Amino acid sequence: MRKLALGDDILMQVEKPARYIGNEINMVKKDLSEVDIRFCMCFPDVYEIGMSHLGIQILYDMFNCWDDVYCERVYSPWPDMDKIMREKEIPLFALESQQPVRDFDFLGITIQYEMCYTNILQILDLSGIPLYAAERTWDSPIVIGGGPCTYNPEPVAPFFDLFYIGEGETAYRELLDAYRTARENGEDRLTFLKRAAQVPGIYVPELYDVSYKTNGTIASMKPNCEEAPSQVQKQVVDDLSDTYYPSKPLVPYIRATQDRVVLEIQRGCIRGCRFCQAGMIYRPIRPRSLAFLKERALEMLDNTGYEEITLSSLSSSDYKELPELVYYLMEQGEQRKLNLALPSLRIDAFSLDVMSKVQDVRKSSLTFAPEAGSQRMRDVINKGLTEEIIIKGAREAFEGGWKRVKLYFMLGLPEEEDADIAAIAELANTIAAAYFELPKEERQGRPEITASTSFFVPKPFTPFQWAPMQTAEYFENKRKYLKGKVREQVNQRSIKYQCHDAVTSELEGIFARGDRRLAPVIEEAYRRGCLFDAWTDWFQPQIWNEVLDANGVDRYFYNYRERGRDEIFPWDFIDIGVSRKFLWREYEKAKAGKVTPNCRVQCSGCGAAKWNTGICVSDRKAAECAAVPEDDGKESEVLA
């Protein structure tokens, strides 16, 4: 294997050379002659984004704890380096050893969002790895995907040998052992893939055949060999206080998006928001122990030199021991000059008390995520927030010295009406008015209320997986309508309105619920220059629309129609624990505007108790979940 040394003549031509040189603080170095398996972990986006991803940090630590495995890293080269690599025929290389990615045993790609799909092809292409799994031999690494987009991997399935469904700490050891056995036995690649399919959580697209009905929907998805299971069960870590977590996370030489210690306090969420895929696929909620978090926090701070730590969770306020953890870290902060970041908090008295101590109130802003302006729509999406709670939180924030508030909403939600959109402007106005209720001597000029809207994209394994998505034209019209409503408000001078791009949302929707037939579309878009599609400056909507049209992609079929109750979805072969019956029941409750209590208030029988872990065990009797009545209607056959 040859080492690819990038000379100064190349590095000085790119914007940020530190993206490509490795040797960061806490980077692992191993003797290649002493390892059996080389695994290259990839985040298909720019270095600063990938270095901020906690999942890769965890797997990097786990793999490198094993003496026989060496895990290295690679990220998408930015367009300036991409151009040079193609011109000079430099193959993509790993940061640790600077050796070509194609020489590794595995290339593991984490897929965090749909708009990175062309970057996946960039990684394969620059590595000299055939784009399609069917064209690969043992001369190429096994390409495996993981992350949230693998809960519908089908649009990119032909490009991958394997997918790992679920949390990576559980089954990778078994998979790597199966690989070693296959290579020692001289097995061919297909034999190994069949062996891998028997590892829990591993999906091998090549081992499944899909047939379609005349209307374009799936007729069946069947394993084509006895080794492949009819359903692939997601992998779940039972005890998050007794598993891998980096004590020496990597520290980049340039500022990353998350340039601080990240402490994951729990996984999962009890809230049940009907639009939120993460809230469903990461069930049940599983907290880490307070002792584990205290110990690991100090270790990571000592081993990185960071002076800031963020508590990571889908809903940090639902961590029962949050006050004890926060006050402990604040006490440490007095000794270490430590800054504490607290995302995903509900704005209540405790949160404001803490934030008043850890933030400069003159500079910081507070974030609320009502998601919808009217109470009717918040009930539809099961947000669990009343206007009274929102206004009370804002009023307490103003009394505590804040004047900047960010509000996040979605447009295009199921059952949405113009009155619900107008309510966004009215809610922002009501919050601004609450500021002016303060005595004049306590005010600091005008409040700064920022209302930001994104566009709703239905996702697999949510109650809205059946729902139609609105068109880009609809989004644009409603954006203009809301902007006009903001201008009508009494306190409109205190309100700023921001909106995300509608065209990328439309494409995201196609991929989110798409199938294997989209793979050639992604390839053609990549061949025509589409790359870094998640970046506004690089997204090329005209090319994408031309490619979609040329390939006959029906936008109505993929985005704008309501799915039938029994339609087979491309992702139905995956068992996430949460049942299809529960999701359909929640979809019907959404249409009726009925709220489902959170998991700590009342079990709703989602099915997550099957994992025998988390809240389903610790907060109530397991039998309680089984006692919740199920919908007795017909459930579609997933694999005919």
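Quantities reported herein were computed from a predicted structural model and do not represent experimental measurements.

Caption draft 1: Spotlight on the overall build of the protein chain. For the protein chain, the count of helices and strands is 22 helices and 19 strands. The C-alpha atoms of the protein chain give 25 Å as radius of gyration, which agrees with the globular expectation for 640 residues (26 Å, within 12%). Its C-alpha atoms put the protein chain at 75 × 60 × 55 Å along the principal axes. Counting all 640 residues of the protein chain, 59% fall into the buried class. Counted over contacts in the protein chain with a minimum sequence separation of 6, partners at least 24 positions apart contribute 77%. If the 80 positive side-chain charges of the protein chain are averaged to one point and the 99 negative ones to another, these points end up 4 Å apart.

Caption draft 2: Seen up close, the pattern of salt bridges. For the structure on display, the rule yields 45 salt bridges. A salt bridge links Glu264 to Arg288; its shortest N-O distance comes to 2.4 Å. With Glu264 in strand E10 (residues 261-264) and Arg288 in the loop between strand E12 (286-287) and helix H9 (290-304), the pair connects residues that are 24 residues apart, well separated along the chain. Judged by its relative accessible area of 9%, Glu264 is buried.

Caption draft 3: Structural view of unusual backbone geometry. Residue Pro284 is reached from Arg283 by a cis peptide bond, and omega for that bond is -5°. Of note, Pro284 is situated in the loop between helix H8 (277-281) and E12. Positive phi, close to 55°, is recorded for Glu89, a residue that is not glycine. Following the sequence through the fold, Glu89 ends up in the loop between helix H4 (79-88) and strand E3 (106-110). We classify Glu89 as exposed; its relative accessible area is 68%. Of note, the phi angle at Glu415 is positive, near 75°, even though the residue is not glycine.

Caption draft 4: Broad picture of the sheet that holds strand E18 (residues 495-499). Across the sheet, which stays open at both edges, the four strands sit in the order E15-E16-E17-E18 with parallel pairing between neighbours. Of all strands in the sheet, those with a lone pairing partner are strand E15 (366-371) and E18, marking the two edges. Neighbour-to-neighbour, the strand axes of the sheet open up by a mean angle of 20°, direction not taken into account. Both strand E16 (residues 404-411) and strand E17 (residues 448-455) contribute to a ladder of eight bridges, which runs parallel. Among the inter-strand pairings, Leu407 is bridged to a residue of E17, identified as Ala451. Along the sheet, helix H13 (residues 387-399) contacts E15, E16 and E17; its crossing angle with E15, the most-contacted strand, is approximately 170°. Set on the sheet, helix H14 (residues 418-435) makes contact with E15, E16, E17 and E18; between it and E16 the angle comes to about 170°.

Caption draft 5: A look at the side chain of Arg516. In this fold, Arg516 is placed in the loop between helix H16 (502-512) and helix H17 (519-527). A polar contact is formed between the side chain of Arg516 and the side chain of Glu154, at a distance of 2.6 Å. Excluding its chain neighbours within four sequence positions, the residues that come into contact with Arg516 are Glu154, Ala157, Pro158, Tyr203, Pro205, Tyr208, Val210, Tyr212 and Met221.

Caption draft 6: Spotlight on the packing of aromatic side chains. As enumerated under the stated definition, the model contains 38 aromatic pairs in all. For the pair Tyr132 and Phe159, a centre-to-centre distance of 5.0 Å together with 50° between the ring planes defines the contact as tilted. Remark: Phe159 occurs in the loop between strand E4 (142-146) and strand E5 (162-164) and Tyr132 occurs in the loop between helix H5 (117-127) and E4; sequence separation between them is 27 residues. Taking relative accessible area as the criterion, Tyr132 reaches 18% and is therefore assigned buried. With a centroid separation of 5.0 Å and an interplanar angle of 80°, the aromatic rings of Trp466 and Trp584 are classed as edge-to-face. Residue Trp466 is located in the loop between E17 and helix H15 (472-488), and its partner Trp584 is located in helix H20 (residues 580-592); the two are separated by 118 residues in the primary sequence. When sorted by exposure, Trp466 lands in the same class as Trp584, which is buried. An aromatic cluster is present here, built from Phe39, Phe63, Trp66, Phe106, Trp138, Tyr164, Tyr172, Tyr179, Phe192 and Tyr244 joined pairwise through their rings. The ring of Trp138 carries Arg183 above its face, with NZ or CZ at 4.0 Å from the centroid.

Caption draft 7: Main features of empty space enclosed by the protein. Tallied over the entire structure, the rule returns eight cavities of 30 Å³ or more. Put simply, the largest cavity is a space of about 160 Å³. Counting residues per element, the ones that place at least two in the lining of the largest cavity are helix H3 (54-65) and E10. A breakdown of the residues in the lining of the largest cavity according to their chemical character gives eleven nonpolar, four polar and one charged.

Caption draft 8: Just H16, in detail. For H16, a buried count of nine out of eleven residues is recorded, marking the element as mostly surrounded by other parts of the structure. Every buried residue of H16 is accounted for by Ala502, Thr504, Ser505, Glu506, Leu507, Gly509, Ile510, Phe511 and Ala512. Among the structural elements, H5, E17, H15, H17, helix H18 (541-550) and helix H19 (555-560) are those in contact with the buried residues of H16. With a side-chain oxygen positioned 3.4 Å from the backbone nitrogen of Val503, the residue opening H16 is Asp501.

Caption draft 9: Structural context of the environment of Val143. Here Val143 lies in strand E4. Placed 124 residues apart in sequence, Val143 and Arg19 show a C-alpha to C-alpha distance of 23 Å.

Caption draft 10: Local environment of H17. Inspection of H17 places Ala519, Val521, Ile522, Glu523, Ala525 and Tyr526 among the buried residues, and these make up the whole buried set. Contacts from the buried residues of H17 go to H4, H5, H16 and H18. One or two steps after H17, the chain reaches Gly529, where phi turns positive at roughly 105°.

Caption draft 11: Inspection of the pairing of strand E8 (residues 218-223) at higher detail. As paired elements, strand E7 (residues 208-212) and E8 share five bridges and run antiparallel to each other. Opposite Tyr212, over in E8, you have Ile218 as the bridge partner. The hairpin turn running from E7 into E8, its antiparallel successor, is five residues long, and Gly216 in that turn takes a positive phi close to 95°.

Caption draft 12: Looking closely at the sheet that holds strand E13 (residues 308-312). Within the open sheet, the three strands sit side by side as E10-E13-E14. Their pairing is parallel. Of all the strands in the sheet, just E10 and strand E14 (339-341) have a single pairing partner and so form its edges. Shown here is a sheet whose adjacent strand axes are inclined to one another by a mean of 25°, direction ignored. The pairing of E13 with E14 spans three bridges and is parallel. Looking across to E14, one finds that Glu308 is bridged to Asn339. Most of the contacts of H9 go to E10, to which it runs at about 165°, and overall it touches E10 and E13. Each of E13 and E14 touches helix H10 (residues 322-336); the most contacted strand, E13, lies at about 175° to it.

Criteria and cut-off values
- Residues numbered from 1 in each chain as written.
- Predicted model: local features only at pLDDT ≥ 70, side-chain atom pairs only at ≥ 80, totals over all residues.
- Heavy atoms only, no water.
- Helix = DSSP H or I, 4+ residues; strand = E, 2+ residues; numbered from the N terminus.
- Rg over C-alpha atoms; globule rule 2.2 N^0.38 Å.
- Buried < 20%, exposed > 50% of the residue type's maximum accessible area, 1.4 Å probe, protein only.
- Contact = heavy atoms within 4.5 Å.
- Lys, Arg positive; Asp, Glu negative; His and termini not counted.
- Charge placed at Lys NZ, Arg CZ, Asp CG, Glu CD.
- Salt bridge = Lys/Arg side-chain N within 4 Å of Asp/Glu carboxyl O.
- Pairing = 2+ DSSP bridges.
- Axes fitted to C-alpha atoms, helices over the stretch in contact; angles between N-to-C directions.
- Polar contact = N/O pair within 3.5 Å; in protein donor to acceptor, adjacent residues only side chain to side chain.
- Phe/Tyr/Trp six-rings, centres within 6.5 Å; stacked < 30°, edge-to-face > 60°.
- Lys NZ or Arg CZ within 6 Å of the ring centre and 35° of its normal.
- 1 Å grid on protein atoms, 1.4 Å probe; cavity = no way out; pocket = protein on both sides within 12 Å on 5 of 7 lines; lining within 4 Å.
- Points joined across faces, edges and corners; volume = space filled by probe spheres on them.
- Nonpolar A, V, L, I, M, F, W, Y, C, P; charged D, E, K, R; others polar.

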